[in-house]
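Descriptive structure summary
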Amino acid sequence: MCGAPDVSNLGVWRCHFYSPFVVEPSSYEYKVMYFLFKDIIRTIRDPEKPQTLEDLDVVYEDGVLVNHRGTDEFLVNVEFTPTVPHCTLATLIGLCIRVKLQRTLPHSYKLDIFIKKGTHSTEDEINKQINDKERIAAAMENPNLKDLVDNCVVDLE
């Protein structure tokens, strides 16, 4: 269910896509959050396993936060949890989340992606990497890495 605005920061809603009828379904904020998690993030596949990031509980409904910043501007925060604290593919998973959202969302979004606090041994370094535009651009110029990311984010349906 999508909850009411978080009283500590008005204008912020968390979306739980399993029960979509608590907030007015015609509201723009609701549609953004519901679509964001249900139809975009959850379909990203793990780089090593045949499952999706949702199947592995790497991404989850409470990890998506959308903050309305202006008329048509939103801040989208995505938090994810690697499968193990020393996951060597955490940076790649973050890159896949970023690429999938950037390819799908309109340009009026600021996107921040973070590893859930305390769930990875090098979370601070990885968070810097996956939120640095220059590093992302350089990574996506590598044809092998680009192919790997493309295979993780492509929709098979």
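Just so it is clear, the structure is predicted and the values come from calculations on it, not from any experiment.

Some remarks on the pairing of strand E3 (residues 74–80)
Of all seven residues making up E3, five are buried, and the element is well covered by its neighbours. Two elements, strand E2 (residues 64–68) and E3, share five bridges in a ladder whose sense is antiparallel. The residue of E3 that forms the bridge with valine 66 is valine 76. If you look at the hairpin formed by E2 and E3, you'll find five residues sitting between the two strands. Pairing geometry for E3 and strand E4 (residues 109–115), over seven bridges, is parallel. What sits directly across from glutamate 79, in E4, is phenylalanine 114.

Quick word on the state of the cysteines
Under the criterion given, the structure shown has zero disulfides. Left unpaired, cysteine 96 is separated from the closest cysteine sulfur, that of cysteine 152, by 4.0 Å. What makes cysteine 96 buried here is its relative accessible area of 1%.

Digging into the packing of helix H2 (residues 90–104) against helix H4 (residues 133–141)
Orientation of H2 relative to H4, taken along the N-to-C sense of each, is 90°, at an axis distance of 12 Å. As summarised for this structure, H2 and H4 are arranged roughly perpendicular, according to the angle between their axes. Touching Leu95, Arg98, Val99 and Arg103 of H2 are Ile136, Ala139 and Met140, all from H4. Considering only residue class, the contact of H2 with H4 consists of five nonpolar, no polar and two charged.

Here we look at the pattern of salt bridges
As enumerated under the stated definition, the model contains seven salt bridges in all. The residue arginine 42 makes a salt bridge to glutamate 54 at a minimum N-O spacing of 3.9 Å. Taken together, the positions of arginine 42 in the loop between helix H1 (28–40) and E2 and glutamate 54 in the loop between H1 and E2 put the pair twelve residues apart, joining distant regions of the chain. As a salt-bridge pair, lysine 110 and aspartate 112 come within 2.8 Å of each other at their nearest N and O atoms. The class for lysine 110 is partly exposed, based on a relative accessible area of 39%. Within this structure, Arg103, Lys146 and Asp150 form a network of salt bridges that share partners.

A closer look at the confidence of the model for the protein chain
Residue-level pLDDT values for the protein chain average 80, and 79% of them are 70 or greater. Segment residues 1–25 is flagged for pLDDT under 50; beyond a separation of four residues in sequence, or across chains, it makes 59 contacts in the model.

Observations concerning H4
Within H4, the full set of buried residues consists of Ile136, Ala139 and Met140. Along H4, the residues classed as buried sweep out an arc of 95° about the axis, all on the same side. In this structure, H4 carries Glu134 and Glu141 as exposed residues pointing more than 90 degrees from its buried face. At its buried positions, H4 is contacted by H2, helix H3 (123–130) and helix H5 (143–153). Its side-chain oxygen 2.9 Å from the backbone nitrogen of glutamate 134, aspartate 132 forms the N-cap of H4.

Quick look at the nonpolar core
Grouped together as the largest cluster of nonpolar side chains are 38 residues, with contacts concentrated most on Leu36, Val78, Phe80, Leu95, Ile97, Leu101 and Val149. When residues of this core are traced back to their parent elements, those giving at least two are H1, E2, E3, H2, E4, H3, H4 and H5. No other element matches H2, which puts eight residues into this core. What leucine 95 contacts, discounting residues up to four positions off in sequence, is Ile130, Ile136, Ala139, Met140, Leu145 and Val149.

What counts as what
- Residues numbered from 1 in each chain as written.
- Predicted model: local features only at pLDDT ≥ 70, side-chain atom pairs only at ≥ 80, totals over all residues.
- Heavy atoms only, no water.
- Buried < 20%, exposed > 50% of the residue type's maximum accessible area, 1.4 Å probe, protein only.
- Helix = DSSP H or I, 4+ residues; strand = E, 2+ residues; numbered from the N terminus.
- Pairing = 2+ DSSP bridges.
- Disulfide = S-S within 2.5 Å.
- Axes fitted to C-alpha atoms, helices over the stretch in contact; angles between N-to-C directions.
- Parallel < 35°, antiparallel > 145°, perpendicular 65-115°, else oblique.
- Contact = heavy atoms within 4.5 Å.
- Nonpolar A, V, L, I, M, F, W, Y, C, P; charged D, E, K, R; others polar.
- Salt bridge = Lys/Arg side-chain N within 4 Å of Asp/Glu carboxyl O.
- pLDDT = per-residue confidence, 0-100.
- Arc of directions from axis to C-beta.
- Polar contact = N/O pair within 3.5 Å; in protein donor to acceptor, adjacent residues only side chain to side chain.
- Core = buried A, V, L, I, M, F, W, Y, C linked by side-chain atoms within 4.5 Å.

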